[in-house]
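What the coordinates show
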Amino acid sequence: MQRIALPPLDKRLQRRYLMLIQSHLRSAPKLAAGVAGLISASSAFATTQAAWRFFNNDKATLAALVKPLRELGRSSVDALQARFVLLVHDWSKLTFEHEIRKQDLVQLTHEHDIGYELMTALLVSADNGQPLAPMEMHLRTADGVLSTRSPAPRHRPHLEQVLATMRASQQWELSKPIVHVIDREADSVDHYRRWDAQGHKFLIRADDRRVLWNGQPYLQSEIASKLRQQRKFVCAGCASYQGRQAQLWVAETEIVLHRPAKKNVRGQRFDKTGRRLPLRLIVVQVRNNQGRVLAQWLLLSNVPAEWATAELLAQCYYWRWRIESFFKLLKSHGQQLEYWQQQTGMAIARRLLIAAMACVVIWHLQADNSAKAMELKSMLVRLSGRQTKRTRPHTAPALLAGLWVLLSIRSLLNHYDIAHILKLASAIPLLDTG
């Protein structure tokens, strides 16, 4: 993996940035989710105090802290074989056990639903679904939206945030065009028309609706049934469904969105007419070995056929789950975000970008299949003490846990002679085998 670029901060803050990334290269327990410290001359209190100062330092702006992530994203895109790269959009609610300690939590839905809301745009490889780097993050708080984009946007409904991110992504200087991937929350005729009119490419999971097919109105589910009757489906490869091996079957046709968009403004519903929009309808079925359909997705896309086959786009949507895995790594399977003790949204947001870089380090290690990296990954899993499946021998949480042990060993050897360590260990009766 290439070296991590440093944010445009002064030397002292850059050194602290690198030390904090090391502190987040671990799988934290819930009851010790604070910033960890390696063995060094600094005391635990000094480490904690230095972290507090960094997370509350106005010079450490979010726009500066995201730059190393974007630099890694850009360089990763350069190495891809696919004609495009995926940008997956999603939102995650953050709730905290000790809410009283946070000064700017916001009511998200009902009066008892209090927390922050995290929006992430995650860059994902269209070659193999490898997560590359989060390129933009927003944290909604009671004081407004904290964002890696400058100036920060004001709070708007989820779908109204997407076009602004699409526009911002054009300034990231990526070497390949972007295909924006969102789940069916983004199934909106009005937004399809607006995104397409501004030249943005998208891949969205759609709900069932009536469209024009071969000049006649059909429900999309009816089209899917007819495509199966006509034996238009082809196998696009293997997939995992609820922990079991399955197969992806894909069929494609062209449809036209011709009906008015349904809008709801301040409780008032009305129709909004718009131009007819031809799109690719890609029907994806997850089937077991007996051919039974376990799940079905209706995907709509304006990605040109010369860019990608229907089979590739089906795989691309399947890889949307990488962002769910990212949220899980931040929250319950690695960083324990919802147990952090920082008291403001800004401190949480700064720490989020540090933790995100730690996740990127692990992803790049996972993607490295060189002999040296494979040996290192096997060692880290052994150090972690985790049990992994044969089909997935190197999971991100296990690598995080093992990496912290390895870093601790390296730090320990910088301060103690190995013979002295063994002598001290012999004082523990169960370890004295002599």
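About the thresholds
Residues numbered from 1 in each chain as written. Predicted model: local features only at pLDDT ≥ 70, side-chain atom pairs only at ≥ 80, totals over all residues. Heavy atoms only, no water. Buried < 20%, exposed > 50% of the residue type's maximum accessible area, 1.4 Å probe, protein only. Helix = DSSP H or I, 4+ residues; strand = E, 2+ residues; numbered from the N terminus. Pairing = 2+ DSSP bridges. Contact = heavy atoms within 4.5 Å. Core = buried A, V, L, I, M, F, W, Y, C linked by side-chain atoms within 4.5 Å. Salt bridge = Lys/Arg side-chain N within 4 Å of Asp/Glu carboxyl O. Patch = residues over 30% accessible without salt bridge, like charges linked within 9 Å, V, L, I, M, F, W, Y side chains within 5 Å. Areas by Shrake-Rupley, 256 points an atom, 1.4 Å probe, with all protein chains shown as cover. Polar contact = N/O pair within 3.5 Å; in protein donor to acceptor, adjacent residues only side chain to side chain. Axes fitted to C-alpha atoms, helices over the stretch in contact; angles between N-to-C directions. Left-handed = near helix turned anticlockwise from the far one by under 90°. Nonpolar A, V, L, I, M, F, W, Y, C, P; charged D, E, K, R; others polar. Expected span 1.5 Å × (residues − 1). Phe/Tyr/Trp six-rings, centres within 6.5 Å; stacked < 30°, edge-to-face > 60°. Lys NZ or Arg CZ within 6 Å of the ring centre and 35° of its normal.

Counting buried positions over the 11 residues of strand β3 (residues 114-124) gives 10, a clear majority of the element. Judged from the 9 bridges that link them, strand β1 (residues 85-94) and β3 form a sheet pairing that is antiparallel. When the sheet's bridge partners are listed, K93 is paired in β3 with E117. Pairing geometry for strand β2 (residues 106-107) and β3, over 2 bridges, is antiparallel. Of the residues in β3, the one forming a bridge with Q107 is I114. Judged from the 8 bridges that link them, β3 and strand β4 (residues 131-141) form a sheet pairing that is antiparallel. Its bridge partner lying in β4, L122 is registered against P134. In this antiparallel pair of consecutive strands, β3 and β4, the connection spans 6 residues, and G129 shows a positive phi of 80°.

A few words now on the side chain of D90. Examined against the element boundaries, D90 turns out to sit in strand β1. Residues contacting D90, with those up to four places away along its chain left out, are L118, M119, T120, D183, R320, I323, E324 and F327.

A cis amide bond, omega 0°, links S150 with the succeeding residue P151. Relative to the helices and strands, P151 resides in the loop between β5 (144-147) and α5 (158-169). One non-glycine residue with positive phi stands out, namely E173, at about 60°. Inspection of the secondary structure puts E173 in the loop between α5 and β6 (178-182). Taking relative accessible area as the criterion, E173 reaches 66% and is therefore assigned exposed. For R231, which is not glycine, the phi torsion reads 55° and is therefore positive. Inspection of the secondary structure assignment puts R231 in the loop between α7 (220-229) and β10 (234-241).

Among the nonpolar cores identified, the biggest contains 102 residues, and F54, F84, L86, L139, F326 and L352 are the most heavily contacted of them. In contact with F326, not counting residues within four places along its chain, are T120, L122, P134, M137, A356, C359 and W363. Residues L159, A206, L279 and L300 belong to the second largest nonpolar core, which totals 30 residues.

By the definition in use, this model includes 17 salt bridges. Residue R320 is joined to D90 by a salt bridge in which the shortest nitrogen-to-oxygen separation is 3.3 Å. Taken together, the residues span a long stretch of sequence, with R320 in the loop between α8 (310-318) and α9 (321-331) and D90 in strand β1 at a distance of 230 residues. On the basis of relative accessibility, which here comes to 5%, the residue D90 falls in the buried class. The salt bridge involving E338 is made with K331; its shortest N-O contact spans 3.9 Å. Overlapping salt bridges bring together R156, E160, D190, R194 and K272 as one network.

Further remarks concern a nonpolar patch on the surface. On the surface, a cluster of nonpolar side chains totalling about 370 Å² of accessible area is made up of I409, L413, I418 and L422. If you list the elements that add at least two residues to the nonpolar patch, you get α12 (396-413) and α13 (418-425). For I418, the location among the structural elements is in helix α13.

When you line up the elements, A310 lands in helix α8. Remark: the alpha-carbon pair of A310 and D143, spanning 167 residues in sequence, is separated by 44 Å. Not counting residues within four places of it along the chain, the set of residues in contact with A310 comprises V250, E252, R280 and I282.

Direction of pairing for strand β8 (residues 210-213) relative to strand β9 (residues 216-219): antiparallel, over a ladder of 4 bridges. The residue of β9 that forms the bridge with V211 is Y218. In textbook terms, the turn of a hairpin is the stretch between consecutive antiparallel strands, and for β8 and β9 this stretch comprises 2 residues, one of which, N214, has a positive phi near 55°.

Let's shift gears to the side chain of R280. For R280, the location among the structural elements is in strand β14 (residues 277-287). A polar contact of 2.8 Å, which involves the side chain of R280, links it to the backbone oxygen of V303. Side-chain polar atoms of R280 contact the backbone oxygen of P304, separated by 3.4 Å. In this structure R280 touches E252, T253, L299, L300, S301, V303, P304, A305, A308, T309, A310 and L313, once residues within four positions along its chain are discounted.

In this section: the packing of α9 against helix α10 (residues 345-367). Running from N to C, α9 and α10 cross one another at 120°; their axes reach a closest spacing of 11 Å. The two elements α9 and α10 meet at a crossing, and its hand is right-handed. Contacts between α9 and α10 involve F326, L329 and L330 from the former and L352, A355, A356, C359 and W363 from the latter. Residue composition of the contact of α9 with α10, grouped by class: 8 nonpolar, no polar and no charged.

Moving on, we get to helix α1 (residues 11-23). With 13 residues, α1 extends 19 Å from end C-alpha to end C-alpha; this agrees with the ideal 18 Å at 1.5 Å per step. Residues of α1 that are buried include every one of L13, Q14, R16, Y17, L20, I21 and S23, and no others.

On to the packing of aromatic side chains, then. Applying the stated criterion to the full structure yields 11 aromatic pairs. An angle of 15° between the planes, with centres 5.3 Å apart, marks the rings of Y192 and F202 as stacked. With Y192 in helix α6 (residues 189-197) and F202 in strand β7 (residues 201-206), this residue pair connects regions lying 10 residues apart in the sequence. The exposure class of Y192 is buried, given its relative accessible area of 0%. Taken together, the ring pairs in this structure connect Y192, W195 and F202 into an aromatic cluster. The side chain of R287 reaches across the aromatic face of F233, ending 5.1 Å from its centre.

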